[in-house]
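# Observations on the model geometry
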Amino acid sequence: MATHLIELSPSDMQRRLGDALAVYVDAMRYPRGTEDQRASMWLEHTRRAGWKAVAAIEDIADAGDGADGTATLPETALTSAPLLGVGYGYCGAPDQWWQQQVIAGLRRSGTDSARITELMTSYFELTELHIHPRAQGRGLGEALIRRLLDGRRESHVLLSTPEINGEANRAWRLYRRLGFTDVIRGYHFAGDPRAFAILGRSLPL
């Protein structure tokens, strides 16, 4: 199965939003209909400073190699190629809900103000990273992260991921392998009953 990584523009994301959200729902095992609740938020995120998205697509038989070693894709690739994975993120900022939630959690955990300032002043929020179940275990998650973080100017990257007993799933193994360490454990975001971990690491990767 041939796979290629491509960067998505905001208009590309809008065009492939249904496919990207289908990957998200299947990867997270959410009930159908969840994608309808997330669509407007994913589109809003494309307007945030520093937004970057990467997708893994399948079976582009016509693709050639560009001068930089990446795939050169035909015009139809973005509209027709099966989507196997998607990830995106953007620059963290004080007016963002996620940053406000993390700061509140850091304060509750007793983190000193200097450390909070260090963490929240210059970071890339790795907002979403999802691989379709039929394509998991092939290194696509790591490839997407590396492509997303390549050339970022922020001092570090932060993400949140659901807590898993013993950290025993592919996402956790990937994050640990890439050097992500604990920022907050057992955190509950407003409106979500699940416990999350906030993880981070310095950049470049």
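In this report, the structure presented in the accompanying data block is examined.

Parameters and conventions
- Residue positions are counted from 1 within each chain, in the order its sequence is given.
- Owing to the predicted nature of the model, reporting of local features is limited to residues with pLDDT of at least 70; listing and counting of side-chain atom pairs is limited to 80 or more, with chain, interface and lining totals taken over all residues.
- Side-chain descriptors were evaluated using all non-hydrogen atoms of the structure, hydrogens and water having been removed beforehand.
- Starting at the N terminus, helices and strands are each numbered in turn, a helix being any DSSP run of H or I of at least four residues and a strand any DSSP run of E of at least two.
- For the exposure calls, accessible area comes from a 1.4 Å probe over protein chains only, and a residue counts as buried if that area is under 20% of its type's maximum, exposed if over 50%, partly exposed in between.
- Here a residue-residue contact requires only that any non-hydrogen atoms of the pair lie within 4.5 Å.
- Residue exposure ignores everything except the shown protein chains as possible cover, and the areas themselves are Shrake-Rupley values with a 1.4 Å probe.
- The nonpolar core is taken to be a set of buried Ala, Val, Leu, Ile, Met, Phe, Trp, Tyr and Cys residues, with the residues joined through side-chain atoms within 4.5 Å.
- We call Phe, Tyr and Trp rings a pair once their centres come within 6.5 Å, taking the six-membered ring for Trp, and we label the pair stacked below 30 degrees between planes, edge-to-face above 60, and tilted otherwise.

### Concerning the overall build of the chain
Tallying secondary structure elements over the chain gives eight helices and nine strands in all. Out of the 205 residues in the chain, the part that is buried amounts to 45%. Expressed as a percentage of contacts within the chain between residues at least 6 apart in sequence, the contacts between residues at least 24 apart total 73%. When the accessible surface of the chain is summed, it comes to about 10300 Å², and 49% of that surface belongs to carbon and sulfur atoms.

### Here we look at unusual backbone geometry
Here the bond from Leu203 into Pro204 is cis, since omega is 5°, no more than 30 degrees from zero. Along the chain, the position of Pro204 falls in the segment after strand E9 (196–202). Although it is not a glycine, Arg29 sits at a positive phi angle of roughly 60°. You can see Arg29 is positioned in the loop between helix H2 (17–28) and helix H3 (34–45). The phi dihedral of Glu167 is positive, around 55°, even though this residue is not glycine.

### Some thoughts on the nonpolar core
By size, the foremost hydrophobic cluster in this structure holds 24 residues, and its most contacted members are Leu126, Ile145, Val157, Tyr175, Phe180 and Leu199. Those elements that provide at least two residues to this core are strand E2 (52–58), strand E6 (123–131), helix H7 (140–149), strand E7 (156–162), helix H8 (170–177) and E9. Here this core gets five residues from one element, more than from any other, and that element is H7. Not counting the four nearest positions on each side in its chain, Leu199 is found in contact with Val157, Leu158, Leu159, Thr161, Trp172, Tyr175, Arg176, Phe180, Thr181, Asp182 and Val183. Listed in part, the 20 residues of the second largest apolar core include Val25, Ala39, Leu83 and Val86.

### Section: the packing of aromatic side chains
The geometry of an aromatic ring pair is captured by two quantities: the separation of the ring centres and the angle between the planes. Within this structure, the stated rule accounts for nine aromatic pairs. Measuring from centroid to centroid gives 5.3 Å for Phe189 and Phe196, while their planes differ by 75°, and the two rings are edge-to-face. Phe189 gets classed as buried once you look at its relative accessible area, which sits at 7%. Note on Phe196: relative accessible area 8%, which makes it buried. Among the aromatic residues, ring-to-ring pairing joins Tyr24, Tyr30, Trp42, Trp51 and Tyr88 into one connected group.

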